[in-house]
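Fold and geometry: a report
So the chains spell out like this:
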Amino acid sequence: QVQLVESGGGLVQAGGSLRLSCAASGFTFSGYAMGWFRQAPGKAREFVTTIARSGGSTTYSDSVKDRFAISRDNAKKMVYLQMNNLKPEDTAVYYCAARRAYIGTYYERDYDYWGQGTQVTVSS
């Protein structure tokens, strides 16, 4: 079965860093763009970043640009999210997602598979 399993979340002080990982299985990983979304309590799930199938292009939300970096390793079927200079506003559950379609970037409906999420908490 298809699985996306996130790890690496935790508690960090403002200004600190975390690296999230997402392990994929059950589908042709290199045939899917990958993305990260996040959801804070009482808020809608929001787009964070996405990376192309080959890893050749990336897109970021304005709120994380220049602080976060997405990468992927197709041989290992892994996608990563390096988060630097974390802010309390980054506190959320972070979800890994896979998208087969070549169009659609920013919305949940564009993605086919989802992980269970990992909690990131940034203290002030």
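Residues numbered from 1 in each chain as written. Predicted model: local features only at pLDDT ≥ 70, side-chain atom pairs only at ≥ 80, totals over all residues. Heavy atoms only, no water.

Time to look at the packing of aromatic side chains. Overall, the coordinates contain 9 aromatic pairs when judged by the stated rule. Both rings, one in Phe37 and one in Phe47, keep their centres 5.7 Å apart while their planes meet at 80°; by these two values the pair is edge-to-face. On the criterion of sequence distance, the pair formed by Phe37 in strand S4 (residues 33–39) and Phe47 in strand S5 (residues 46–51) is long-range, its members being 10 residues apart. Relative accessible area serves as the criterion here: at 1%, Phe37 is assigned to the buried category. Classification of Phe47 by relative accessible area gives buried; the value is 9%. (Phe/Tyr/Trp six-rings, centres within 6.5 Å; stacked < 30°, edge-to-face > 60°. Helix = DSSP H or I, 4+ residues; strand = E, 2+ residues; numbered from the N terminus. Buried < 20%, exposed > 50% of the residue type's maximum accessible area, 1.4 Å probe, protein only.)

What follows deals with the nonpolar core. Counting 28 residues, the largest nonpolar core has Leu4, Met34, Trp36, Phe68, Val79, Met83 and Tyr94 as its most contacted members. Among the elements of the structure, strand S3 (18–25), S4, S5, strand S7 (68–73), strand S8 (78–83), strand S9 (92–99) and strand S11 (118–123) are those that each provide at least two residues to this core. Those residues in contact with Val79 that sit more than four places away from it in its chain are Leu20, Ser21, Cys22, Phe29, Met34, Trp36, Ile51, Ile70, Ser71, Arg72 and Cys96. (Core = buried A, V, L, I, M, F, W, Y, C linked by side-chain atoms within 4.5 Å. Contact = heavy atoms within 4.5 Å.)

Our next topic: unusual backbone geometry. Despite not being glycine, Asp66 shows a phi value in the positive range, around 75°. Even without being a glycine, Lys77 presents a positive backbone phi close to 55°. Looking at where Lys77 falls in the secondary structure, it is placed in the loop between S7 and S8.

Moving on, we come to the pattern of salt bridges. Enumeration according to the criterion identifies 4 salt bridges in this entry. The closest approach of N and O atoms between Asp90 and Arg38, which form a salt bridge, is 2.9 Å. Residue Asp90 is found in the loop between S8 and S9, and its partner Arg38 is found in strand S4; the two are separated by 52 residues along the sequence. Judged by its relative accessible area of 5%, Arg38 is buried. Ionic pairing is found between Asp62 and Lys65, a salt bridge with its closest N-O pair at 3.4 Å. Counted as one network, the salt bridges with shared partners bring together Arg38, Glu46, Arg67 and Asp90. (Salt bridge = Lys/Arg side-chain N within 4 Å of Asp/Glu carboxyl O.)

Our focus in this paragraph is the pairing of S4. Along S4, 6 of the 7 residues are buried, which leaves the element largely enclosed by surrounding structure. Pairing analysis gives 7 bridges linking S4 to S9, with the strands arranged antiparallel. Along S9, the bridge assignment pairs Gln39 with Val93. In this structure, S4 lies alongside S5, joined through 5 bridges in antiparallel fashion. Within S5, the position partnered with Gly35 by the bridge is Thr50. The hairpin turn running from S4 into S5, its antiparallel successor, is 6 residues long, and Gly42 in that turn takes a positive phi close to 75°. (Pairing = 2+ DSSP bridges.)

All right, on to the state of the cysteines then. Applying the stated rule across the entire model yields 1 disulfide. Two residues, Cys22 and Cys96, share a disulfide whose sulfurs are 2.1 Å apart. Negative torsions about the S-S bond denote left-handed disulfides, and the value of about -80° found for Cys22 with Cys96 makes this one left-handed. On the criterion of sequence distance, the pair formed by Cys22 in strand S3 and Cys96 in strand S9 is long-range, its members being 74 residues apart. For the pair Cys22 and Cys96, one class covers both residues: buried. (Disulfide = S-S within 2.5 Å.)

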